[in-house]
Amino acid sequence: MDIRALGMGLLFALIWSSAFTSARIIVADAPPLAISALRFAIAGVIGVAIARALGQSWHLTKAQWRATLIFGLCQNALYLGLNFTAMTTVEASLASIIASTMPLIVALLGWAVMGEKLSPLAAIGLIVGFGGVVLIMAGRLGQGVDLFGVILCVIGALALAIATLTVRNASSGGNVLMIVGLQMFVGAAVLCVASLIFETWEVHWNPRMLTAFAYTIVAPGLLATWIWFALVARIGAVKAATFHFLNPFFGVAIAALILGESLTLTDIIGVAVICAGILAVQLSKQSHTTT
């Protein structure tokens, strides 16, 4: 892992974690599914236009189309759609903590569903990481957190784990920015239909909301996704996923700084424990791939 890859990974983790804070601002003034659909549609147009200007083609391979559709459905429609909905009642810091467990869920699914062996370090990491989640959730539930919103965040994290498993196929063969743009349209289409069924379209446009909306389109939506695909193509999914251990820390720090969300000592300890668990799981994967 060179200096450029390190910088890309840190920037990705920072931008990805900031999305929860901007989403919390947006859903205070707009229906979550409708505004997410609009966000993805705009991001898709921008992404495809830039990709075409750079000479990239939308004639993808079958594997790329399949991965793009799955990624668009799982990450954009399910993970982000559910998280936007959840953050109408759940704080950004808690949503970011739940979402950051994705590497733990990937490792757990690999062991439980695909029969992959867990090294002692990975097993310890899983126990420690999920233990940190339990610690935080025990404290938050006692404070009256919305359980339905938490469930939506958990389902979203599961969907993100599935999306992550498709990244390698989507990023191989070039046309990375085109793929980023096209998978946005998948999420936009699914969420538009869902919004027509479940929501009333009423948006209170204001400078704070518009700023958060524009930022979410450009930074977490296009830039972070492109960085992630490029990072996976550069150093591989296993090494790239190591940077997810920073997400709990960045997520709660940004929410506290911008939104003024309070953090208890239990939250801080739990975040540190989760970070350690994720790091242990990812380091175990790296050592496995190099042996």
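In case you missed it, the structure is sitting above this.
Structure report, in brief. All figures in this text were calculated on a predicted structure; none of them were measured in a lab.

## Here we look at the overall build of the chain
Secondary structure assignment for the chain yields 13 helices and zero strands. Taken over C-alpha atoms, the radius of gyration comes to 18 Å for the chain, in line with the 19 Å a tight globule of 291 residues would show. Here the C-alpha coordinates of the chain stretch approximately 45 × 45 × 35 Å along the principal axes. Put simply, the chain has 291 residues, and 53% of those count as buried. Sequence-distant contacts in the chain: of pairs separated by 6 or more residues, those separated by 24 or more amount to 91%. Taking the average place of the 13 positive charges on the side chains of the chain and the average place of its 9 negative ones, the gap between the two points comes to 18 Å.

## With respect to helix α12 (residues 247–259)
Compared with an ideal rise of 1.5 Å per residue, which puts 13 residues at 18 Å, α12 spans 17 Å between its outermost C-alpha atoms and is within 8% of the ideal. Directly beyond the C-terminal end of α12, a positive phi value near 75° is found at Gly260.

## Brief notes about the pattern of salt bridges
The full count for this structure, using the stated rule, is two salt bridges. In this structure, the salt-bridge partner of Glu91 is Arg140, at a minimum N-O distance of 3.5 Å. A residue pair is termed long-range when its members are at least 10 positions apart, and Glu91 in the loop between α3 (62–86) and α4 (92–99) and Arg140 in helix α6 (residues 120–142) qualify at 49 residues. The partly exposed category is assigned to Glu91, whose relative accessible area is 28%. Looking at Arg140, the relative accessible area reads 5%, which means it is buried. With a shortest N-O distance of 3.3 Å, Asp267 and Arg140 are connected by a salt bridge. Taken together, the residues Asp267 in helix α13 (residues 265–289) and Arg140 in helix α6 connect sequence positions 127 residues apart. Side by side, Asp267 and Arg140 carry an identical accessibility label, which is buried.

## What to know about the packing of α3 against helix α9 (residues 176–198)
With their axes 8 Å apart at the nearest point, α3 and α9 run at an angle of 50° to one another. Judged on the interaxial angle alone, α9 and α3 are oblique. Judged by the twist between their axes, the crossing of α3 over α9 is right-handed. Between α3, through Gln64, Trp65, Thr68, Leu69, Phe71, Gly72, Leu73, Gln75, Asn76, Ala77 and Gly81, and α9, the contact on the second element is made entirely by Ile179, Leu182, Gln183, Met184, Val186, Gly187, Val190 and Leu191. The class makeup of the residues in the contact of α3 with α9 is eleven nonpolar, eight polar and no charged.

## Details of the side chain of Ser284
Looking at the element boundaries, Ser284 is found in helix α13. Accessibility expressed as a relative area gives 5% for Ser284, which makes it buried. Within polar-contact distance, the side chain of Ser284 engages the backbone oxygen of Val281 at 2.6 Å.

## Points about α4
Most of α4 is tucked away, with eight of its eight residues classed as buried. Residues Ala92, Ser93, Leu94, Ala95, Ser96, Ile97, Ile98 and Ala99 constitute the buried set of α4.

## What about the packing of aromatic side chains?
Applying the stated criterion across every chain, the model contains five aromatic pairs. On the basis of an interplanar angle of 5° and a centroid distance of 6.3 Å, the ring pair of Trp16 and Tyr79 is categorised as stacked. In this pair, Trp16 sits in helix α1 (residues 3–26) while Tyr79 sits in helix α3, placing the two residues 63 residues apart along the sequence. The same class applies to Trp16 as to Tyr79, namely buried. Where Trp205 meets Phe213, the ring centres are 6.3 Å apart and the plane angle is 70°; that geometry is what we call edge-to-face. Take Trp205: its relative accessible area is 45%, and that puts it in the partly exposed class. Chaining the aromatic ring pairs together yields one cluster made of Trp16, Phe20 and Tyr79. Above the plane of the ring of Trp58 lies Arg52, whose end atom (NZ or CZ) is 4.5 Å from the centre.

The rules we used
Residues numbered from 1 in each chain as written. Predicted model: local features only at pLDDT ≥ 70, side-chain atom pairs only at ≥ 80, totals over all residues. Heavy atoms only, no water. Helix = DSSP H or I, 4+ residues; strand = E, 2+ residues; numbered from the N terminus. Rg over C-alpha atoms; globule rule 2.2 N^0.38 Å. Buried < 20%, exposed > 50% of the residue type's maximum accessible area, 1.4 Å probe, protein only. Contact = heavy atoms within 4.5 Å. Lys, Arg positive; Asp, Glu negative; His and termini not counted. Charge placed at Lys NZ, Arg CZ, Asp CG, Glu CD. Expected span 1.5 Å × (residues − 1). Salt bridge = Lys/Arg side-chain N within 4 Å of Asp/Glu carboxyl O. Axes fitted to C-alpha atoms, helices over the stretch in contact; angles between N-to-C directions. Parallel < 35°, antiparallel > 145°, perpendicular 65-115°, else oblique. Left-handed = near helix turned anticlockwise from the far one by under 90°. Nonpolar A, V, L, I, M, F, W, Y, C, P; charged D, E, K, R; others polar. Polar contact = N/O pair within 3.5 Å; in protein donor to acceptor, adjacent residues only side chain to side chain. Phe/Tyr/Trp six-rings, centres within 6.5 Å; stacked < 30°, edge-to-face > 60°. Lys NZ or Arg CZ within 6 Å of the ring centre and 35° of its normal.

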